[in-house]
Amino acid sequence: MTTPIDLRGGGAPTVIHPHPLDNAVWAALDGPHAHLADRVGRAARYPADVYDFAALADPADPAAWADLRTLVGPGTSVRVKPVRRVPDGWEVIGAGEGVQLAATGAFRTEPVPEAVRLGPDDVPEILDLVARTRPGPFLRRTVELGAYLGIRHRGRLIAMAGERLRLPGWTEISAVCTDPDQRGQGLATRLIRAVGAGIRERGDTPFLHAAAGNAPAIRLYESLGFAPRRRSTIVSVRTPGTSAEIGAF
């Protein structure tokens, strides 16, 4: 069943994105994460087991949408942000709103001595923690996007945070989560500051995203020195055509 959201419109001029954060997924795939990008022209996406998002060089450009259809094929669902309008023939199957926040001078960073670097061998345990806390998308190879730090208690992973999107001058802090039985100890705050320390050490500025309806997370980030920068619409769309067309190519 499709979500009854109308994101179509006509005659709008092409929107030029003056800042990389305005189109962060594209800026990452066209920049520091280019080695991970599957790309056709003005459309690109991460591998499906790394980060389940595609991006358009200009979400208002019909040619970029045509490139995306070529990239993923007909009758295929894909998630894209930020999007204001979807071209005719594309089916909107879900939509939501996110908030982007950027670190200010008030954001204090510091290392966490007991935090450990997480890697591929830790993925089963990471996925178990993610399943219990639901911080947002985290897949089998997401850990390859950047540095992920975790805190263990009696050998068990109880909290983590890490880096996801990386674009020129900016790195996103993501997958911030704490085991429900271990909350109230400030673990998330400490890990955000520790991940932020690594980001600032290489000269980047931290930023992050939250669902617009996740008021507790937004309050936490603001209390740490992040300021809301913009809201954007995230859509899950199905490309025009049917999967049966693939055999006709």
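As the structure is a prediction and not an experimental result, all values here were calculated from the model.

Is there a simple way to explain the nonpolar core in this structure?
Here is a general trend for soluble globular proteins: nonpolar side chains tend to be buried in one another's company. The biggest cluster of nonpolar side chains holds 28 residues, and the ones touching the most others in it are Ile173, Ile192, Tyr221 and Phe226. When residues of this core are traced back to their parent elements, those giving at least two are strand 5 (91-103), strand 7 (148-153), strand 8 (156-167), strand 9 (170-178), helix 4 (187-201), strand 10 (205-211) and helix 5 (215-224). Examining the composition of this core, we find that 7 residues originate from one element, helix 4, more than from any other. In this structure, Ala28, Ala44, Ala102 and Trp170 belong to the second largest nonpolar core, which totals 21 residues.

Would you mind going over unusual backbone geometry with me for this structure?
Most peptide bonds adopt trans geometry, and most residues besides glycine take a negative phi value. Of note, the amide linkage connecting Lys81 to Pro82 takes the cis form, showing an omega dihedral of -10°. Tracing the sequence through the fold places Pro82 in the loop between strand 4 (77-80) and strand 5. Even without being a glycine, Ala175 presents a positive backbone phi close to 55°. Among the residues examined, Ala175 registers a relative accessible area of 7% and is labelled buried.

How do you make sense of the pairing of strand 11 (residues 226-238) when you look at a structure like this?
The side chains of a regular strand alternate between the sheet's two faces. Here 4 bridges tie strand 4 to strand 11, and the two strands are oriented antiparallel to one another. Of the residues in strand 11, the one forming a bridge with Val78 is Val237. Here strand 5 pairs with strand 11 via 12 bridges, running antiparallel. Counterpart to Val92 in the pairing with strand 11 is Val237.

Can you help me understand the pattern of salt bridges in this one?
A side chain with one charge can pair with a side chain of the opposite charge if their charged atoms come near. As enumerated under the stated definition, the model contains 21 salt bridges in all. Across the salt bridge formed by Arg108 and Glu110, the nearest N and O atoms sit 3.2 Å from each other. A relative accessible area of 33% places Glu110 in the partly exposed class. Across the pair Arg190 and Glu114 runs a salt bridge whose closest N-O atoms are separated by 2.6 Å. Taken as a pair, Arg190 in helix 4 and Glu114 in the loop between strand 5 and strand 6 (116-118) lie far apart in primary sequence, 76 residues in all. Each of Asp49, Arg140, Arg141 and Glu144 takes part in salt bridges that share partners, so that together they form one network.

Looking at this structure, how should I read the side chain of Arg193?
With respect to the element layout, Arg193 can be found in helix 4. In this structure, Arg193 is buried with no salt-bridge partner, the nearest side chain bearing the opposite charge being Glu110 at 4.3 Å. From its side chain, Arg193 meets the backbone oxygen of Arg108 in a polar contact 3.4 Å long. In contact with Arg193, not counting residues within four places along its chain, are Phe107, Arg108, Thr109, Glu110 and Leu224.

Explanation requested: the confidence of the model for the chain in the structure shown.
Detailed conclusions should not be drawn from predicted coordinates in areas where pLDDT is low. Across the chain, the average pLDDT comes to 91, with 90% of residues at 70 or higher. Counting interchain partners and residues more than four positions distant, the pLDDT-below-50 stretch residues 1-15 has 28 contacts.

Where do I start with the side chain of Gln182 in this structure?
Along the chain, the position of Gln182 falls in the loop between strand 9 and helix 4. Relative accessible area serves as the criterion here: at 17%, Gln182 is assigned to the buried category. Among the polar contacts made by the side chain of Gln182, one reaches the side chain of Gln185 at a distance of 2.9 Å. Every residue in contact with Gln182, bar those within four places of it in the chain, is listed here: His153, Ile158 and Leu187.

Just to check I follow, could you spell out the pairing of strand 9 for this structure?
Burial analysis of strand 9 places 9 of its 9 residues in the buried class, which makes it a mostly covered element. Pairing between strand 8 and strand 9: 6 bridges, direction antiparallel. Bridge assignment links Ala159 to a residue of strand 9, and that residue is Thr178. Between strand 8 and strand 9, which follow one another and run antiparallel, lie 2 residues, and Gly169 among them has a positive phi close to 85°. Tracing the backbone out of strand 9, into helix 4 and back to the parallel element strand 10 gives a crossover that is right-handed.

Honestly, the packing of aromatic side chains in this entry has me stumped. Any pointers?
The geometry of two aromatic rings is summed up by the distance between their centres and the angle between their planes. Within the structure shown, the criterion is met by 7 aromatic pairs. Where Trp65 meets Trp90, the ring centres are 4.9 Å apart and the plane angle is 75°; that geometry is what we call edge-to-face. Linking Trp65 in helix 2 (residues 62-72) with Trp90 in the loop between strand 4 and strand 5, this pair joins segments that are 25 residues apart in sequence. The two residues Trp65 and Trp90 agree in class, both being buried. When the centroid spacing of 6.4 Å and the interplanar angle of 65° are considered together, the rings of Tyr221 and Phe226 count as edge-to-face. As far as the burial class goes, Tyr221 and Phe226 line up, both buried. Taken together, the aromatic side chains of Tyr46, Tyr51 and Phe53 make up a single cluster linked through ring pairs. The side chain of Lys81 reaches across the aromatic face of Phe53, ending 4.8 Å from its centre.

Quick notes on the rules
- Residues numbered from 1 in each chain as written.
- Predicted model: local features only at pLDDT ≥ 70, side-chain atom pairs only at ≥ 80, totals over all residues.
- Heavy atoms only, no water.
- Core = buried A, V, L, I, M, F, W, Y, C linked by side-chain atoms within 4.5 Å.
- Buried < 20%, exposed > 50% of the residue type's maximum accessible area, 1.4 Å probe, protein only.
- Helix = DSSP H or I, 4+ residues; strand = E, 2+ residues; numbered from the N terminus.
- Pairing = 2+ DSSP bridges.
- Salt bridge = Lys/Arg side-chain N within 4 Å of Asp/Glu carboxyl O.
- Lys, Arg positive; Asp, Glu negative; His and termini not counted.
- Polar contact = N/O pair within 3.5 Å; in protein donor to acceptor, adjacent residues only side chain to side chain.
- Contact = heavy atoms within 4.5 Å.
- pLDDT = per-residue confidence, 0-100.
- Right-handed = clockwise from strand over helix to strand, strands pointing away.
- Phe/Tyr/Trp six-rings, centres within 6.5 Å; stacked < 30°, edge-to-face > 60°.
- Lys NZ or Arg CZ within 6 Å of the ring centre and 35° of its normal.

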